[in-house]
Amino acid sequence: MSKRIFVLLVLLMSMSLIGIIFVQAYYIKDSVRNEKERFAFNVKKSLSYVSNAIEKKELDSLYRKYQNLDDEKKEDSTAVSKLFIYQQDNNTKEMLVYKSGILEENYKLTSSLFDMGLDSISVKNIIGSSDLKVYKNKGFADKDLKNNINPTFSNSSLFQAQKNSFDRSFKKYAKTFPVYKRVSEKQISKLLSRKLKEDKIDIDYQFAIYSNDLATKVHSEGFERNKESEFSVPIFYDENNQTNYKLLVNFPDDNKFILSSIIGMILLSIIFTLIIIIAYSSALYQLVKQRKISQIKTDFINNMTHEFKTPIATINLALDAIRNPKIIDDKEKVVRYLGMIKEENKRMHAQVENVLRISKLEKNELNISKDRVKLHDLIEEAITHVELIVEDRQGFIKTFLEADKSSVLANETHFTNVIVNILDNAIKYSPNAPKIEVYTENVGTNILLKIKDHGSGMSKAAQKKVFEKFYREHTGNIHNVKGHGLGLAYVKRIVEDHQGHIKVESEKDKGSTFTIKLPLIT
């Protein structure tokens, strides 16, 4: 897969995931908003019901008192208006007679019954009636109407007009009372609790009645205004359909109540979104990792090709030289070329062994038996493997073996290879003559082995990955030093198998220091 296609796929997948997250967030936000609107609607409806019920109860109570005041009525004045209409239908020879009358009575009532603080109250009583009658006889006179009435329709009563007039009168006087005499906290609480429970709102609330935005004596215990969770409706309209009073209610835990109704859906949405994010992140990580491994393996194959190509070419050249009739009789040259073939063969064998060692370590098939050995002896033996190469490059290896105790439980062959690998890296990554220092010291029950060089060093990023299999630091598009990136991975696995720890400290162009910590044995 090309880099461009890979980046495009990652970009598209990321945009899709971000889109899903935004859709889920919008859906949750929309659900919360709808639930808040539904909650507000139900609360407003309940408050309106309570307001209307309180007003109606007040007026009904006053009206019942008025109806029981027949003995107290003192007629003040009466006004009467009448309407009398005759209509002759010439086709049917029927006479339609419509009569309508309105009686207005004004009374003065004693105020003691209403506790209004006045000597008397003027009350207006309106009584109305209307009749529609049809006469079918022909040739009758007005005087015969009484004897020839055949009514087919009759409507009587202006009760509603009377009731409306009554309501207006008492609204006018009722507004002179202080609000705490018109309604009680208990009455509001009872009506409000019942109505809220009908709408399935069963949470704590506080209420109060305010006049011109000022508190009155009517309020629940501990009421405090909270405009974020406050709802209000007008209450106690006067005869002009205006009011200064507002019934306020707030819910301290309204947000919890709103969220509780949709918390299950929100949690499921969040869980599924997190699963998608985790799955996507894991898939993307694996994709990047596999791409990286693919690139490393390609690089490894290329490096291995170069590593094998040189020995094979050298062996071929040596064999061609030996087959030359002029050379084959020269024993000294034949021995020299045979030595070259043997050395190149050993070099290829070492490369193959490294690959096989790592493969066996990954499968836990490498049998590593451990014995009591002196770490100083292993260091000396490892140095003998590379000292000729160091001398050939006019370099040196200095040892500072200051540890008093150096007995460890280790596999002699494998741990010698560990030290050789580190020394080999120090030589390869020293552009100039290799200058290597080897230190040992005792720290508690452990021994520290430090191998320091003054070579090209490595970057911070390379230090984090230097022990990974197949990893090799690049310079541009090529490796300045040939290799296959298995040496330090092998080193780390062997050290850890010996219950040890390895780390590297390095600075670009100033060299590197590898530190191995191993437990001592007594």
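Only a predicted model underlies this, so the values are computations on that prediction, with no experimental measurement involved.

Asks: Explain the nonpolar core to me, please; I cannot follow it from the model alone.
Replies: Soluble globular proteins tend to pack their nonpolar side chains together in the buried interior. Counting residues in each nonpolar core, the largest one holds 40 residues, and the members touching the most others are Leu375, Phe415, Ile419, Leu423 and Ile516. Mapped by element, the contributors of at least two residues to this core are α8 (375-392), β11 (407-410), α9 (412-428), β12 (435-443), β13 (446-453), α11 (487-497), β14 (501-507) and β15 (511-519). It is α9 that contributes the most residues to this core, eight residues altogether. In contact with Leu375, other than residues within four places in its own chain, are Ser406, Val408, Phe415, Ile419, Ile447, Leu449 and Leu518. In this structure, Leu191, Leu192, Ile201 and Val218 belong to the second largest nonpolar core, which totals 26 residues.

Asks: Is there a simple way to explain the sheet that holds strand β7 (residues 230-235) in this structure?
Replies: Sheets are built from strands paired through backbone hydrogen bonds, the pairs being either parallel or antiparallel. The four strands lie next to each other as β6-β5-β8-β7, forming an open sheet whose pairing is antiparallel. Either end of the sheet is taken by a strand with one partner, and the two such strands are β6 (214-219) and β7. For this sheet, the mean inter-axis angle between neighbouring strands, taken without regard to orientation, is 30°. In the sheet, strand β5 (residues 206-211) pairs with strand β8 (residues 245-250) via six bridges, with the strands oriented antiparallel. From the neighbouring strand, Tyr210 faces β8, where its bridge partner is Lys246.

Asks: Explain the environment of Ser406 to me, please; I cannot follow it from the model alone.
Replies: Among the structural elements, Ser406 can be located in the loop between β10 (396-401) and β11. Taking the relative accessible area as the measure of exposure, Ser406 reaches 6% and is therefore buried. Sequence separation of Ser406 and Leu518 is 112 residues, and the distance between their C-alpha atoms is 9.5 Å. Those residues in contact with Ser406 that lie beyond four places of it in its chain are Val373, Lys374, Leu375, His376, Ile447 and Leu520.

Parameters and conventions
The numbering scheme is per chain: residues are counted from 1 as the chain's sequence reads. Whole-chain, interface and lining totals are the exception, using all residues; otherwise, since this is a predicted model, local features are given only for residues with pLDDT of at least 70 and side-chain atom pairs are given and counted only at 80 or more. To obtain the side-chain values, all non-hydrogen atoms of the structure were used and water was disregarded. Buried Ala, Val, Leu, Ile, Met, Phe, Trp, Tyr and Cys residues form a nonpolar core when they are joined through side-chain atoms within 4.5 Å. When a residue's accessible area, from a 1.4 Å probe over protein chains only, is under 20% of the maximum for its type it is buried; when over 50% it is exposed; and in between it is partly exposed. Each helix is a run of H or I in the DSSP string that is no shorter than four residues. Each strand is a run of E no shorter than two, and both are numbered from the N terminus. Contacts: residue pairs with any heavy atoms within 4.5 Å of one another. Paired strands, as defined in this entry, are two strands with at least two bridges between them according to DSSP. A fitted line through C-alpha atoms serves as each axis, taken over the contacting stretch for helices, and the angle formed by two N-to-C directions is quoted from 0 to 180°.

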